[in-house]
Amino acid sequence: MPRACFTLQVRPDRLAEYRERHAAVWPDMLRALRDAGWRDYQLYLRDDGLLVGVVETDDLSAAQAAVDATDVSARWEAAMAPFFETGDGRGKAELELVFDLDAQLTASGEPTTAPTGDPS
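All values derive from a computational prediction rather than experimental measurement.

Participant: Describe the sheet that holds strand 3 (residues 50–56), naming the residues involved and giving the relevant values.
Facilitator: In a beta sheet, neighbouring strands are held together by backbone hydrogen bonds and run either parallel or antiparallel to one another. Spatial strand order, 2-3-1-4: four strands in an open sheet with antiparallel pairing. Pairing within the sheet leaves two strands with one partner each, and these edge strands are strand 2 (39–45) and strand 4 (93–94).

Participant: Tell me what's going on with the pattern of salt bridges, and back it up with residues and numbers.
Facilitator: Applying the stated rule across the entire model yields eight salt bridges. As a salt-bridge pair, E17 and R14 come within 3.1 Å of each other at their nearest N and O atoms. With its nearest N and O atoms 2.8 Å apart, the salt bridge here joins D48 to R46. Note on R46: relative accessible area 47%, which makes it partly exposed. Through salt bridges that share partners, R14, E17 and R21 make up one connected network.

Scoring rules and cut-offs
All residue numbers here refer to positions counted from 1 along the written sequence of the relevant chain. Totals for whole chains, interfaces and linings use all residues, but because this is a predicted model, local features are given only for residues with pLDDT of at least 70 and pairs of side-chain atoms are given and counted only at 80 or more. Water and hydrogen atoms were dropped before computing side-chain values, which therefore reflect all heavy atoms in the structure. Should DSSP find at least two bridges between two strands, the strands are taken to pair. Secondary structure elements follow DSSP: runs of H or I of four or more residues count as helices, runs of E of two or more count as strands, with numbering from the N terminus. Whenever a carboxyl oxygen of Asp or Glu lies within 4 Å of a side-chain nitrogen of Lys or Arg, that contact is scored as a salt bridge. Here's how the labels work: a residue is buried when its accessible area is under 20% of the maximum for its type, exposed when over 50%, partly exposed in between, all with a 1.4 Å probe on protein chains only.

In structure tokens, the structure reads:
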């Protein structure tokens, strides 16, 4: 599955409320993300406000455009905009993949899971 990883910066004074909002995202927003091609989407938040997102999607730009085309996304983005240093959550900085353990193990003919059983 193709994955994308991106960062955003949440305002440090809004971290607690940001966490609360994401503990129960609107059901129609969840469906919009799913229907736009976002799979296994996760957000990680550091105490200084660094937000890292990881998502399986065939094309992050296309998936973002598809979700942006929904009414619920416009409402969600407007509600979330004050949480971000940039004034909105659309300024994702996509990160380049530089290491993939499973890909390198597979390329070298190794299994991607550790052997099981008694090692003696």
